[in-house]
Amino acid sequence: MTSPGKMLKGKAAACSPGIVIGRVQKVNGGEFPIPEIRIGAERISAEIARFEQALTDAVSDFDHERRHLMDLESQEPLHILDAQRLMLLDAELSRKVIHCIRDEGINAEWAVHRQIQDIANVFDGINDAYLRARKSDIQHIGQRILSHLSGAGHEALQASGDEPLVVAGTDFTPIGVLRLWRQGVAAFIAEKGGPSAHSIIIARGIGITALMGAEDALQLINDGDRIVIDGEQGVWLSNPTPDVENEYRVLARGVENVERDLQAFAGQASRSRDGHALRLMANLELEEELPQALELGTEGVGLYRTEFLLSTSDQMPDEEAQYQHYAKVMRTMRGLPVTFRLMDIGGEKPLLFEQFTGHRVIAANPALGLRGVRLLLHAGSTLLHDQLRALLRASNKGDLQILVPMVSQVEEMQEVRRLLVEAAAELGIEKIPPLGTMIEVPAAVIIADALAEISDFFSVGTNDLIQYTLAADRADEEVTYLYSAAHPALEPMLRMSVQAAHKAGIPIAMCGELAADLKWTERLMNMGFDSLSMSLHHILPTRKHLASLNYHPES
Ligand code: PEP
Ligand code: MG
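Please read these numbers as outputs of a predicted model, since none were measured by experiment.

Asker: In this structure, what is going on with the coordination of the magnesium ion (ligand 2)? I would like to understand it.
Answerer: Six octahedral donors around a metal ideally sit at 90 or 180 degrees from one another, while four tetrahedral donors ideally sit at 109.5 degrees. Around the magnesium ion (ligand 2), the protein supplies E440 (OE) and D464 (OD) as donor atoms, at distances of 2.0 to 2.1 Å. Of the two residues, E440 sits in the loop between β13 (435–439) and α17 (442–446) while D464 sits in helix α19 (residues 462–470), which places them 24 residues apart along the sequence. As far as the burial class goes, E440 and D464 line up, both buried.

Okay, here's the thing in structure tokens:
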């Protein structure tokens, strides 16, 4: 830890609200610098001993984590951990690493790295997608050993007393964000990330204060610094003077008061001042968010991002595991509508993609690659079949709807519907749940009339629609200035989508972040959106704002 330094400030491209005053811990997000060093004969036995110690420490990690998994209902995480532990103890791996250190005179880090790479390359050549995906297991165990060798702190997060812990890193994946949250981290700050990066959306959803796209933050902030994370204004401040810190304490109390006042709107109907009903629904990723969704009186779940099921598993959950999960969500929501979006893997989530599909990302631009429905329909993929069966089985528990991500062709919807009907026949289910198209690619807007013919509802995903319309990466802080709903190209696209839906007599929702932008609420209502779906913490401010508006339908 460094001694208190000069007060420094910085801005971020994206934020998740709240004000946190705490202590920083820097993490490296699992990437360990791997030095390659030639060593002399006199250091060889010490280097071998270092490797053996790291191996022992890595095995202890597994034993430690194992204890936390014993009480889980599902035994799967435990089995995965045990399998990785066995790989770690594999005598052949140790023998090769030691051989490398002794015969080639190289340091333990590089020897481990080389051996892990060699094994990982063998996995690449395997035809079976499941076995090929096991490559990530060997990479994980390599990281375990390397983290001990490099003394990289092993990412152990150290909260000190009651002081809130703020974690700083280059970037955090959506799953990394969930892990921070589960570890009780109060806020995080990342150098990378734009306003609609999935990671910041997740942060807003679970209510963890965050800044992303905070350029150079890691150079300016020292480990152990006192820090203010202002997720309301998108700024950070390290080593605040006592006066500045006090000002922020007052501001933080103000934020808490506003939140307390908003509680008056929990459980109320979502209506304009003159009584027009606009459903406010929740965007959810985790079952842990369900109780809060109910407390707020959300009128259903407009977007359940099912790919986040993968955040608690190292393997693709099978049909039964998925069914149990969906059925639980349906039961908890007590008859309110729940829209499950089919797994949207790919794009910004390349690691998930490789780990769970066994398909190597070779696309130079994964956002335009095999993502969403494209991956689901990819020849030989059983993902879709398993998920459709699980959803169909859960559909008798309430009002379940299925939403298809990343649609750009009518044929994609036709094929998903065909498979849905087929799966229903296999299961003997007669009532097919409503199947909706996500409108998030400009082509889908242009062919909205045709899509409306074969869809039971539309849901507009503005996070991607803006990205693809403006050719500005939603997660890239360098093009944040271009990524804007205010661009005149967007509004006509929204209107076209609403008109196509209503012409075909189907409802239309918006589930992108724009749905929660108070500057747009009135316009979206008047345009004819039937519901707006948003992260939980936006529901009450939107309901309050809606109650101050009057409805003036455009047509
Ligand atoms: C969207 O694209 O607007 C959307 C809601 O989906 P996601 O953010 O998960 O891509
Ligand atoms: Mg999307």
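Let us keep going from here.
Asker: Teacher, can you tell me more about the nonpolar core here?
Answerer: Within the largest apolar cluster, 84 residues are counted, with the highest numbers of intra-cluster contacts made by F340, L342, F458, L494, F529 and L532. Looking at which element gives the most residues to this core, the answer is helix α15 (residues 383–394), with seven residues. For L532, the contacting residues outside a window of four places in its chain are L278, R279, L280, M281, M510, A515, T521 and L524. Ranked by size, the runner-up nonpolar core spans 28 residues in total, among them C100, I101, I141 and L146.

Asker: What should I look at first to understand the side chain of T298 in this one?
Answerer: Within the secondary structure layout, T298 lies in the loop between α11 (290–295) and β10 (301–305). Taking relative accessible area as the criterion, T298 reaches 5% and is therefore assigned buried. Engagement of the side chain of T298 in a polar contact is seen with the backbone oxygen of A293, the distance being 3.0 Å.

Asker: I'm lost on the site of ligand 1 in this one. Help?
Answerer: In the vicinity of ligand 1, 15 residues are found, and the nearest of them are R305, R341, G461, N463 and R474. The separation between an oxygen atom of ligand 1 and a polar side-chain atom of E440 is 3.0 Å. G461 has a polar backbone atom sitting 3.3 Å from an oxygen atom of ligand 1. Within the complex, the protein chains bury 100% of what would otherwise be the 290 Å² of accessible surface of ligand 1.

Asker: Help me understand the pairing of strand β11 (residues 338–341) in this model?
Answerer: Look at any regular strand and the pattern is simple: side chains alternate between the two faces of the sheet. Residues of β11 alternate between two faces, with V338 and F340 on one and T339 and R341 on the opposite face, all of them buried. Judged from the three bridges that link them, β10 and β11 form a sheet pairing that is parallel. The residue of β11 that forms the bridge with Y304 is F340. Of the strand pairs in this sheet, β11 and strand β12 (residues 400–404) are connected by four bridges, and their pairing is parallel. Within the sheet, the bridge partner assigned to V338 lies in β12 and is L400.

About the cut-offs
- Residue numbers run consecutively from 1 along every chain, following the written order of its sequence.
- Here every chain gets a letter starting at A, and every ligand a number starting at 1, in the order they are written.
- For a predicted model such as this one, the threshold for reporting local features is a pLDDT of at least 70, and the threshold for listing and counting side-chain atom pairs is 80 or more; totals across whole chains, interfaces and linings nevertheless cover every residue.
- The side-chain figures draw on all heavy atoms in the structure; neither hydrogens nor water molecules are used.
- In this listing, donors mean N, O and S atoms no farther than 2.8 Å from the metal, or 3.2 Å for Na, K and Ca; water is missing from the atoms, so a site can look incomplete.
- Secondary structure counts use DSSP, requiring at least four H or I residues in a row for a helix and at least two E residues in a row for a strand, with both numbered from the N terminus.
- Only protein chains enter the area calculation, which uses a 1.4 Å probe; residues under 20% of their type maximum are buried, those over 50% are exposed, and those in between are partly exposed.
- Buried Ala, Val, Leu, Ile, Met, Phe, Trp, Tyr and Cys residues that are joined via side-chain atoms within 4.5 Å together make up what is termed a nonpolar core.
- Residue contacts follow a heavy-atom distance rule, with two residues in contact if any of their heavy atoms lie within 4.5 Å.
- Polar contacts, as counted here, are pairs of nitrogen or oxygen atoms within 3.5 Å of one another; within protein the pair requires one atom able to donate a hydrogen and one able to accept it, and residues that are adjacent in sequence qualify only if both atoms are side-chain atoms.
- The cutoff for a nearby residue is simple: one of its non-hydrogen atoms must lie within 4 Å of the molecule or strand.
- Accessible surface is estimated by sampling points in the Shrake-Rupley manner with a 1.4 Å probe; for residues, cover comes only from the protein chains shown.
- The pairing criterion for strands is at least two bridges between them, as found by DSSP.

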